Amino acid sequence: MAEFSNTMDVFKLLEKTNCRKCNKPTCLAFAAAVFQGQIALSDCPFVSEKILEEYGAGRQAYESTFEQDYIKVMTELKARVKQRFSQAEPAELADQLGGRCMNGRLTLKILGKDFSIDPTGEIITDIHVNPWIAPPVLNYVVSSKGVPLAGSWVPFRELASSKDWARFFEYQCEGALKKVADTYPAFFEDIIELFNGRQVENHYDADIALIIHPLPLLPMLICYNHPEEGLESDLNLFFDSTADQNLPVQNIYTLSTGLANMFKKLAINHG
Ligand code: SF4
């Protein structure tokens, strides 16, 4: 079975008409999402059965591959969490990672909700743990250097090693969130109420500026400007300049894309 080595391998198979029938803004954005395992190649109706067979990329195959990959990633991460717990006391970890130690577990506030991680890498929380959130949370425990926040905000593209992801970040995170903000007036109120968002002033002269905390040492600043006289609205995301030292950029990307999709679903449901 043929495999994709990068986004361009997927892109080459597409019509390149940017018709949006797959709900992505461009064929390139679609290719990136397929390569990252977020959607199936079969979601583009113009990819032939022959190609789908060649890449084992029918929906069923995609689901089972995604599940297998997810189990593999989580098993590896849990082993590394176990090792991290064997090297440091939960209280020490909590200090480093901006969490709390409770009953031998490390508890982190994630978007205002408690997520506890036990020494075997199990995540215990009252809410559903989505597949886009579990690996970044465990990787935070494993790889965060515990670098205190610098208080200076930078765009995603200025984080170390973000080059390969920056274009897709613009489409899949900022672009997706802008659409939600343009369409659903209650979007920002929902973020404040449901995810412990905090409105802040004077950030880049934005009409609305909000900070949320997907992880304690990974705050995210959302800046939005309403459309006005011939000018489109715009939405930009910023991270603390230490973000790439507290979570690998790939996980920051996964987390941000997952958040954008979750906000989109919420907005549709609340619509
Ligand atoms: S449906 Fe296919 S051709 Fe159309 S934008 Fe999506 S990937 Fe491109």
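Residues numbered from 1 in each chain as written. Predicted model: local features only at pLDDT ≥ 70, side-chain atom pairs only at ≥ 80, totals over all residues. Heavy atoms only, no water.

Asks: Please provide a residue-by-residue account of the overall build of the chain, values included.
Replies: Within the chain, the regular secondary structure consists of ten helices and nine strands. Whereas a compact globule of 271 residues would reach a radius of gyration of roughly 18 Å, the chain reaches 19 Å, a difference of no more than 12%. Overall, the C-alpha framework of the chain stretches about 55 × 50 × 35 Å when taken along its three principal axes. Within the span of the chain, comprising 271 residues, buried residues form 48% of the whole. Of the contacts made within the chain by residues no fewer than 6 positions apart, 58% connect residues no fewer than 24 positions apart. Just so you have it, the chain exposes about 14,300 Å², and 50% of that area is on carbon and sulfur atoms. Each charge sign in the chain was given a centre, from 25 positive and 35 negative side chains, and these centres are 5 Å apart. (Helix = DSSP H or I, 4+ residues; strand = E, 2+ residues; numbered from the N terminus. Rg over C-alpha atoms; globule rule 2.2 N^0.38 Å. Buried < 20%, exposed > 50% of the residue type's maximum accessible area, 1.4 Å probe, protein only. Contact = heavy atoms within 4.5 Å. Areas by Shrake-Rupley, 256 points an atom, 1.4 Å probe, with all protein chains shown as cover. Lys, Arg positive; Asp, Glu negative; His and termini not counted. Charge placed at Lys NZ, Arg CZ, Asp CG, Glu CD.)

Asks: For the pairing of strand β3 (residues 113–117), give the residues involved together with the corresponding values.
Replies: Pairing of strand β2 (residues 105–110) with β3 involves five bridges; the strand directions are antiparallel. Looking at β3, one finds that I110 is bridged to K113. Connecting β3 to the antiparallel partner strand β4 (residues 123–124) that follows it, the hairpin turn spans five residues, and G121 within it adopts a positive phi of roughly 90 degrees. (Pairing = 2+ DSSP bridges.)

Asks: Please set out the sheet that holds β3 residue by residue, giving values where relevant.
Replies: Pairing in this open sheet of four strands is antiparallel, and the strands run β1-β2-β3-β4 from one edge to the other. At either margin of the open sheet sits one strand with a lone partner, and together these are β1 (100–102) and β4.

Asks: Would you mind going over the domain arrangement of the chain in detail, with residue names and values included?
Replies: One frequently used descriptor of interface size is the decrease in accessible area upon assembly of the parts. Examined at the domain level, the chain breaks down into domain 1 (7–57) and domain 2 (153–270). Centre-to-centre, using C-alpha coordinates, domain 1 lies 25 Å away from domain 2. If you look at the interface, domain 1 gives eleven residues, while domain 2 gives eight residues. Both sides together, the interface formed by domain 1 and domain 2 hides about 760 Å², and carbon and sulfur atoms give 57% of it. By the criterion of area lost to domain 2, the three top residues of domain 1 are L28, Q36 and Q38, representing 45% of everything that side buries. At the boundary of domain 1 with domain 2, the tally comes to zero salt bridges. Here the element with the most residues in the side of domain 1 that touches domain 2 is helix α2 (residues 27–35); it accounts for four residues. (Domains from an automatic or database assignment. Buried area = accessible area lost by both parts, 1.4 Å probe. Salt bridge = Lys/Arg side-chain N within 4 Å of Asp/Glu carboxyl O.)

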